[in-house]
Amino acid sequence: MANLLIYTADDGFAEALTRALRREGHFCKVAEEENTALQEIRARGLSLILLDDAPALPAPGEIRTWSMLPILLIAEPGRIETLRTPIEADDILVKPVREEELLFRVRNLCERKDSADSDVARTGAHATGLTLDEDHYEIRLNGVLVDLTFREFELLKHLMQNPGRVFDRNQLLNLVWGVDYIGGPRTVDVHIRRIRAKIEAEGETFITTIRGVGYKFNLGTG
């Protein structure tokens, strides 16, 4: 049982997906336009985005600038050969959608996410004394609570939950401040400096700058 977002402009298709998924015990929310989708994603608690591959809707790569949630892309057969590889979605389903296959792929992606979330919760992103507790909005360094602002916490959280992945500044800006934020990427640099001042002591390096690109979180130190 999971909270799912169905992002499609096709009311009939959304209704068919919702009926099938609710029979499996899932809770479904439907978004037909960008503002609604963003509100649902920012509300937290979602496990998966089911994205209809339609010209009027964002591509998976654009969704990735909003959220790191798993994406199940649902596409017409004729669209498959036009998709770039590797696909930016976590999985793909070809129309017409068979209920058994839909439920299997949704179950697989949700369980994969639950497993990854459990690993993060158990290890605290495993970074030499730095631990993340998202439920209590806490990050501790060697057991001591780190005093972070809301934006600093969200920024560090996204980096910690995706160790080794390089985020460019615009991605982080969209993930933490939202796509409608009018500030520039320098906002990210300023917050990264503040975070580093609070967590990187005695030569420890948790966040690495990738010159000309952005930042990544390190599993080790040095």
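Residues numbered from 1 in each chain as written. Predicted model: local features only at pLDDT ≥ 70, side-chain atom pairs only at ≥ 80, totals over all residues. Heavy atoms only, no water.

### So, the overall build of the chain
So, point 1. In terms of regular secondary structure, the chain is built from seven helices and 11 strands.
So, point 2. Computed over C-alpha atoms, the radius of gyration of the chain comes to 19 Å, within 12% of the 17 Å expected from 2.2 N^0.38 for 222 residues, which places it in the range of a compact globule.
So, point 3. With respect to the principal axes defined by its C-alpha atoms, the chain has extents near 60 × 35 × 30 Å.
So, point 4. Buried residues in the chain amount to 44% of all 222 residues.
So, point 5. Just so you have it, the chain exposes about 11700 Å², and 49% of that area is on carbon and sulfur atoms.
So, point 6. Taken as two groups, the 28 positive and 36 negative side-chain charges of the chain have centres that lie 4 Å from each other. (Helix = DSSP H or I, 4+ residues; strand = E, 2+ residues; numbered from the N terminus. Rg over C-alpha atoms; globule rule 2.2 N^0.38 Å. Buried < 20%, exposed > 50% of the residue type's maximum accessible area, 1.4 Å probe, protein only. Areas by Shrake-Rupley, 256 points an atom, 1.4 Å probe, with all protein chains shown as cover. Lys, Arg positive; Asp, Glu negative; His and termini not counted. Charge placed at Lys NZ, Arg CZ, Asp CG, Glu CD.)

### What to know about the pairing of strand β1 (residues 3-7)
Within a regular strand, the side chains alternate between the two sheet faces.
So, point 1. Extensive coverage of β1 is indicated by the burial of four of its five residues.
So, point 2. Bridge analysis of β1 against strand β2 (residues 27-31) gives five bridges, and the strand direction is parallel. Bridged to Y7 within β2 is A31.
So, point 3. Where β1 meets strand β3 (residues 48-52), four bridges bridge the pair, whose relative direction is parallel. In the sheet register, Y7 faces β3, and the bridge partner there is L51. (Pairing = 2+ DSSP bridges.)

### Quick word on unusual backbone geometry
So, point 1. Looking along the chain, the bond that leaves K95 and enters P96 is cis, with omega of -5°.
So, point 2. With a phi close to 55°, N142 is a non-glycine residue in the positive phi region.

### Focus: helix α6 (residues 169-177)
So, point 1. Across the nine residues that make up α6, a large majority, seven, are buried.
So, point 2. Within α6, the full set of buried residues consists of R169, Q171, L172, L173, L175, V176 and W177.
So, point 3. Buried-residue contacts for α6 involve α3 (60-64), α5 (150-160), β9 (167-168), α7 (186-199), β10 (207-210) and β11 (214-217).
So, point 4. Near the N-terminus of α6, the side chain that reaches the backbone nitrogen of N170, with its oxygen 3.0 Å away, is that of D168.
So, point 5. Following α6 by one or two positions, G178 adopts a phi angle in the positive range, close to 100°. (Contact = heavy atoms within 4.5 Å. Polar contact = N/O pair within 3.5 Å; in protein donor to acceptor, adjacent residues only side chain to side chain.)

### Structural notes on the environment of N162
So, point 1. Residue position: N162 is located in the loop between α5 and β9.
So, point 2. When residues no more than four places from it in sequence are discounted, the contact partners of N162 are M68 and F167.
So, point 3. Among the polar contacts made by the side chain of N162, one reaches the main-chain carbonyl oxygen of H158 at a distance of 2.9 Å.

### Considering the nonpolar core
So, point 1. With 25 residues, the main nonpolar core has L130, I139, L156 and I207 as its most contacted residues.
So, point 2. Listed by contribution, the elements that provide at least two residues to this core are β6 (130-133), β7 (138-141), α5, α6, α7 and β11.
So, point 3. Here I207 is in contact with L156, L159, I192, I195, R196, E200, Y215, K216 and N218, once residues within four sequence places are set aside. (Core = buried A, V, L, I, M, F, W, Y, C linked by side-chain atoms within 4.5 Å.)

### Quick look at the pairing of β6
So, point 1. Alternating residues of β6 divide into L130 and L132, all buried, and T131 and D133, none buried.
So, point 2. Here four bridges tie β6 to β7, and the two strands are oriented antiparallel to one another. Counterpart to L130 in the pairing with β7 is L141.
So, point 3. With antiparallel pairing between neighbouring strands as the criterion, β6 and β7 make up a hairpin whose turn holds four residues, including Y137 at a positive phi of roughly 50°.

### Side note on the packing of α5 against α7
So, point 1. The N-to-C vectors of α5 and α7 enclose an angle of 85°; their axes lie 10 Å apart at closest approach. Relative to α7, α5 is oriented roughly perpendicular. Of the residues in α7, those in contact with R151, E152, L155, L156 and L159 of α5 are V188, H191, I192, R194, I195, K198 and I199.
So, point 2. By residue class, the composition of the contact of α5 with α7 is seven nonpolar, one polar and four charged. (Axes fitted to C-alpha atoms, helices over the stretch in contact; angles between N-to-C directions. Parallel < 35°, antiparallel > 145°, perpendicular 65-115°, else oblique. Nonpolar A, V, L, I, M, F, W, Y, C, P; charged D, E, K, R; others polar.)

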